[in-house]
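# Structural overview
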Amino acid sequence: MDTTEILVVIAGVAAIAGVLWYFFGERKAVAAQVADGGVQEVKITVKGGYSPDVVVVKQGRPVRLDFYRDETSSCSEQVVFGDFGIARDLPAFKTTAVELTPQRPGEFTWTCGMNMLRGKLVVEPA
Ligand SMILES: [Cu+2]
């Protein structure tokens, strides 16, 4: 192998590692903070994905997810909670609240409008 081939192999391995990390890397779950009035609140930054992308809440209590969209990429301009029948436009560089009350425990995925970016709402039994 000459130098170019070695570099191509290294780049390939790095790309594969990056993809594996992206899909299987450890995600950090964040538990909602309970604000005044009992609303479970989490701030989520939208920038090439959702951060945090796993949010843990309790069943049967109102939830407010404050999405701050820190980019103009068209991919993230909408957020969709299919299980809750909710779709919201996220204006760039603004915070948009998504409010819902999960009535049953389980894991509920939210996505961007194109179903590319993903996050997960984990609802624990009350
Ligand atoms: Cu998208």
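Every value quoted in this text rests on a predicted model; they were computed, and no experiment measured them.

### A word on the overall build of the protein
In terms of regular secondary structure, the protein is built from one helix and eleven strands. Listing the helices and strands of the protein from first to last along the sequence gives α-β-β-β-β-β-β-β-β-β-β-β. Relative to its 126 residues, the protein shows a buried fraction of 31%. In the protein, of all internal contacts separated by at least 6 residues, the share reaching a separation of at least 24 is 53%.

### What to know about the packing of aromatic side chains
For any two aromatic rings, the description comes down to two numbers: the centre-to-centre distance and the angle of the planes. Taken as a whole and judged by the stated rule, the model has six aromatic pairs. A centroid spacing of 6.1 Å and a plane angle of 70° characterise the contact between Phe67 and Phe81, whose relative ring orientation is edge-to-face. Linking Phe67 in strand 6 (residues 63–69) with Phe81 in strand 7 (residues 78–81), this pair joins segments that are 14 residues apart in sequence. The pair formed by Phe67 and Phe81 is uniform in burial state, with each residue classed as buried. For the pair Phe67 and Trp110, a centre-to-centre distance of 5.8 Å together with 85° between the ring planes defines the contact as edge-to-face. Here the residue Phe67 occupies a position in strand 6, and Trp110 occupies one in strand 10 (residues 106–112), the gap between them amounting to 43 residues. Residue classification places Phe67 among the buried positions, given a relative accessible area of 0%.

### Observations concerning the sheet that holds strand 11 (residues 118–124)
One open sheet holds the six strands; their spatial order is 1-5-11-10-7-8, and the pairing between them is mixed. For this open sheet the edge positions go to strand 1 (29–31) and strand 8 (86–89), each flanked by a neighbour on one side alone. Looking at each pair of strands side by side, their axes are set apart by 20° on average, direction ignored. As judged from the four bridges shared by strand 7 and strand 8, these two strands associate in the antiparallel manner. By the bridge assignment, Phe81 is partnered in strand 8 with Ile86.

Analysis parameters
- Residues numbered from 1 in each chain as written.
- Predicted model: local features only at pLDDT ≥ 70, side-chain atom pairs only at ≥ 80, totals over all residues.
- Heavy atoms only, no water.
- Helix = DSSP H or I, 4+ residues; strand = E, 2+ residues; numbered from the N terminus.
- Buried < 20%, exposed > 50% of the residue type's maximum accessible area, 1.4 Å probe, protein only.
- Contact = heavy atoms within 4.5 Å.
- Phe/Tyr/Trp six-rings, centres within 6.5 Å; stacked < 30°, edge-to-face > 60°.
- Pairing = 2+ DSSP bridges.
- Axes fitted to C-alpha atoms, helices over the stretch in contact; angles between N-to-C directions.

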